[in-house]
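Listed here are the chains, written in short residue letters.
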Amino acid sequence: MRVVFIDNGVTGTIGYYDGEKSEFLLTPTVVQQDYTKKKKNITRIDILSLGRILFEHVLDGKGQIRAVLERPMINSVRFNASVSGARALEATLTVLEMNGIPYQFCDSKEWQRGLLPSSGKKGIDSATLKKESMDIGIRLFPQHKDLILKHKDADGILGAYQFWRKLNGSL
């Protein structure tokens, strides 16, 4: 089973792993004017580019594939971030469904468990988890070091790696 893991959101990443080949890419986005009373810009998923990425990197007909999406952050205190996350999720689901790619959801703790040393420990801040993600990502996937350092985490590729292990009985 091949896995594409989508670290949801407009600042997320996409990881692909099949046991041999790996891909790690930034989620494609586009900035557009928001049409609310207050003039501002919003960042959205570029669905045409996302579809192209999936076609070029994933839909090659080489066996079963599963997409795993990290649940979006929905928090009424952080309204704008929640709306952005929900908008990104809906766009991503549309592209997956149009391409016939089966998908499932996960929480970040699910892929972090057993991979990041601090995962599940009480009182651990997100900065620690991001640092561990970056360090372990570079160690396991040195070919993606530049993007990992630029993005400051390897969540997309590490999620793909963990779910590939889980879905193929290696975990």
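Above: the structure in question.
My aim in this report is to walk through the structure given alongside it, one point at a time. Predicted model only: the values in this text are computed from it and were never measured.

## Digging into helix H6 (residues 155-167)
Thinking step 1. The end-to-end C-alpha distance of H6 is 18 Å, a good match for the 18 Å that 13 residues give at a rise of 1.5 Å each.
Thinking step 2. Of all 13 residues that make up H6, eleven are buried, and the element is covered over most of its length.
Thinking step 3. Here H6 has its buried residues at Asp155, Gly156, Ile157, Leu158, Gly159, Ala160, Tyr161, Gln162, Phe163, Trp164 and Arg165.
Thinking step 4. The positive-phi residue at the C-terminal boundary of H6 is Gly169, with phi of around 75 degrees.

## Comments concerning the packing of aromatic side chains
Thinking step 1. Tallied over the entire structure, the rule returns seven aromatic pairs.
Thinking step 2. Residues Phe5 and Trp111 carry aromatic rings whose centres are separated by 6.2 Å and whose planes lie at 70 degrees to one another, so their mutual orientation is edge-to-face. Of this pair, Phe5 sits in strand S1 (residues 2-6) while Trp111 sits in helix H3 (residues 108-112), placing them 106 residues apart in sequence.
Thinking step 3. Using a relative accessible area of 0% as the deciding quantity, one classes Trp111 as buried.
Thinking step 4. Arranged with centres 6.2 Å apart and planes meeting at 20 degrees, the rings of Phe5 and Phe163 form a pair that is stacked. A residue pair is termed long-range when its members are at least 10 positions apart, and Phe5 in strand S1 and Phe163 in helix H6 qualify at 158 residues.

Conventions and cut-offs
Residues numbered from 1 in each chain as written. Predicted model: local features only at pLDDT ≥ 70, side-chain atom pairs only at ≥ 80, totals over all residues. Heavy atoms only, no water. Helix = DSSP H or I, 4+ residues; strand = E, 2+ residues; numbered from the N terminus. Expected span 1.5 Å × (residues − 1). Buried < 20%, exposed > 50% of the residue type's maximum accessible area, 1.4 Å probe, protein only. Phe/Tyr/Trp six-rings, centres within 6.5 Å; stacked < 30°, edge-to-face > 60°.

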